[in-house]
Amino acid sequence: MFGIERFFATRYDLCSLKPKAWILDTIINLVAVQMTNDERSNHPDKRHFMWYLPVMVSRQILSNPNLNDSDLMKLCDSYFGHANFTADLSSCSMIYIPTNDRGNHWFCIKVDLGIQMAYIFDSKPATRSNLFRKRLTKKVMEVLHRALRLHYGDLYKADVSKFNIANVERQPLQHDTDGYDCGLFVIKFMQGFNYPSGVHRMDDTERPRLLMDLLVDPNNRERDTVVRKFDEWKAKKGQTGFVYAGGHLVRLDTNNL
């Protein structure tokens, strides 16, 4: 992150980007890092508009909503400030907070500081789940208020704990048979993709495209090594009559060569 090796993914973590696999928090964290790096690159004065917090923020809050001041300070030191995920508060307009519901569903909280609203992006809403996720969002907002007040002091004006909470009105929805893409929907929401409302099936290329995007990111210190090994693997497979195309190994039809 920002040229400092702080976040990484193992082979096991990256395998969660295989088709029909549950996307692990590590992947969402890397996307938050990637988005933050992009914001810092576009705004070297550190006055960027969008903040992307990692999953650990909401997880620590929800696992202990009554954080004492000492633990809250540790949270701020780890994830807030110019060396972490936040920057100049007066320039911030949106805060994205990926959140997990009881270990089986990803949703995302978007805090709009401009109109003083908190929105819940949920690709698989349901009446009972909506109420529970709204309570989770309320808890996150209450502790976020304390954290911003502690870290920014008098520069923090708005009380985010008093913001109204609503679901995003127009949003893509997972198909009833799709029980694994909620993390991918959250990532696309954070990345600013504007899919039409209604049921949406993720294209099969979305996961390998995200994988490659993370691997070749300029802040990935292992990028050159990974690309070299991938090229060697493709060349080796080519010798056995296969080529890599569209995210899949395809056997060459030697009869038509």
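In the block above lies the structure referred to throughout.
Remember, predicted model here, so these are calculated numbers, not experimental data.

Here is what the cut-offs are and how they apply
- Residues numbered from 1 in each chain as written.
- Predicted model: local features only at pLDDT ≥ 70, side-chain atom pairs only at ≥ 80, totals over all residues.
- Heavy atoms only, no water.
- Phe/Tyr/Trp six-rings, centres within 6.5 Å; stacked < 30°, edge-to-face > 60°.
- Helix = DSSP H or I, 4+ residues; strand = E, 2+ residues; numbered from the N terminus.
- Buried < 20%, exposed > 50% of the residue type's maximum accessible area, 1.4 Å probe, protein only.
- Lys NZ or Arg CZ within 6 Å of the ring centre and 35° of its normal.
- Polar contact = N/O pair within 3.5 Å; in protein donor to acceptor, adjacent residues only side chain to side chain.
- Disulfide = S-S within 2.5 Å.
- Core = buried A, V, L, I, M, F, W, Y, C linked by side-chain atoms within 4.5 Å.
- Contact = heavy atoms within 4.5 Å.
- Arc of directions from axis to C-beta.
- Pairing = 2+ DSSP bridges.
- Axes fitted to C-alpha atoms, helices over the stretch in contact; angles between N-to-C directions.
- Salt bridge = Lys/Arg side-chain N within 4 Å of Asp/Glu carboxyl O.
- Parallel < 35°, antiparallel > 145°, perpendicular 65-115°, else oblique.
- Nonpolar A, V, L, I, M, F, W, Y, C, P; charged D, E, K, R; others polar.

Caption draft 1: Examining the packing of aromatic side chains more closely. Applying the stated criterion to the full structure yields nine aromatic pairs. When the ring of Trp 51 is compared with that of Tyr 152, the centres are 6.0 Å apart and the planes differ by 20°; the resulting orientation is stacked. Of the two residues, Trp 51 is situated in strand S1 (residues 50–52) and Tyr 152 in helix H5 (residues 127–152); the sequence distance between them amounts to 101 residues. Neither residue differs from the other here; Trp 51 and Tyr 152 are each classed as buried. Ring geometry for Phe 121 versus Phe 189: centroids 4.2 Å apart, planes at 5°, classification stacked. Linking Phe 121 in strand S4 (residues 117–121) with Phe 189 in helix H6 (residues 182–190), this pair joins segments that are 68 residues apart in sequence. Among the aromatic residues, ring-to-ring pairing joins Tyr 52, Tyr 96, Phe 121 and Phe 189 into one connected group. Its guanidinium or amino end placed over the ring of Phe 132, Arg 102 lies 3.9 Å from that ring's centre, counting from NZ or CZ.

Caption draft 2: Structural context of the environment of His 105. Mapped onto the elements, His 105 comes out in the loop between strand S2 (94–100) and strand S3 (106–112). Separated by 77 residues in sequence, His 105 and Cys 182 have C-alpha atoms that sit 6.5 Å apart. A distance of 2.7 Å separates polar atoms of two side chains, one belonging to His 105 and the other to Asp 122.

Caption draft 3: Highlighting the state of the cysteines. Applying the stated criterion to the full structure yields zero disulfides. For Cys 92, which is in no disulfide, the shortest distance to another cysteine sulfur is to Cys 108 and amounts to 13 Å. Given a relative accessible area of 8%, Cys 92 falls into the buried group. Just so you know, Cys 182 is unpaired, no disulfide at all, and the nearest cysteine sulfur is the one on Cys 108, 12 Å from it.

Caption draft 4: Quick look at the nonpolar core. Counting residues in hydrophobic clusters, the biggest one holds 65 residues, and the most contacted among them are Val 111 and Val 160. It is H5 that provides the largest number of residues to this core, a total of eight residues. Once residues lying within four places of it in the same chain are set aside, the contact partners of Val 160 are Val 111, Leu 113, Met 141, Leu 144, His 145 and Leu 148.

Caption draft 5: Representation of helix H3 (residues 55–63) within the structure. All of the buried residues along H3 are Val 55, Val 57, Ser 58 and Ile 61. Seen end-on, H3 carries its buried residues on one side only, within an arc spanning 165°. Looking at the buried positions of H3, the neighbouring elements they touch are helix H2 (25–42), helix H4 (69–79), S2, S3 and H5.

Caption draft 6: Spotlight on the sheet that holds S1. The five strands lie next to each other as S1-S2-S3-S4-S5, forming an open sheet whose pairing is mixed. Every interior strand has two partners, whereas the edge strands, S1 and strand S5 (164–167), have only one. Within the sheet, the average angular offset between the axes of one strand and its neighbour, ignoring direction, is 20°. Direction of pairing for S4 relative to S5: parallel, over a ladder of four bridges. Counted as the bridge partner of Ala 118 is Ile 165 from S5. Taken strand by strand, H5 contacts S1, S2, S3, S4 and S5, and its axis lies near 50° from that of S3. Taken strand by strand, H6 contacts S1, S2, S3 and S4, and its axis lies near 20° from that of S3.

Caption draft 7: Just the pattern of salt bridges, in detail. Scanning all chains against the criterion turns up 12 salt bridges. Residues Arg 133 and Asp 122 are paired through a salt bridge, measuring 2.7 Å at the closest nitrogen-oxygen approach. One end of the pair, Arg 133, is in helix H5; the other, Asp 122, is in the loop between S4 and H5, and 11 residues separate them in sequence. Of the two residues, Arg 133 and Asp 122, both sit in the buried class. A salt bridge links Arg 223 to Asp 224, with the nearest nitrogen and oxygen atoms 3.9 Å apart. In the salt-bridge network here, residues are joined through shared partners; they are Asp 101, Arg 102, Asp 122 and Arg 133.

Caption draft 8: Main features of the packing of H2 against H3. Where H2 contacts H3, the axes come no closer than 9 Å and their chain directions differ by 125°. For the element pair H2 / H3, the angle class is oblique. Facing Asp 25, Ile 28 and Asn 29 of H2, the residues of H3 in contact are Val 55, Met 56 and Arg 59. Among the residues forming the contact of H2 with H3, the class breakdown is three nonpolar, one polar and two charged.

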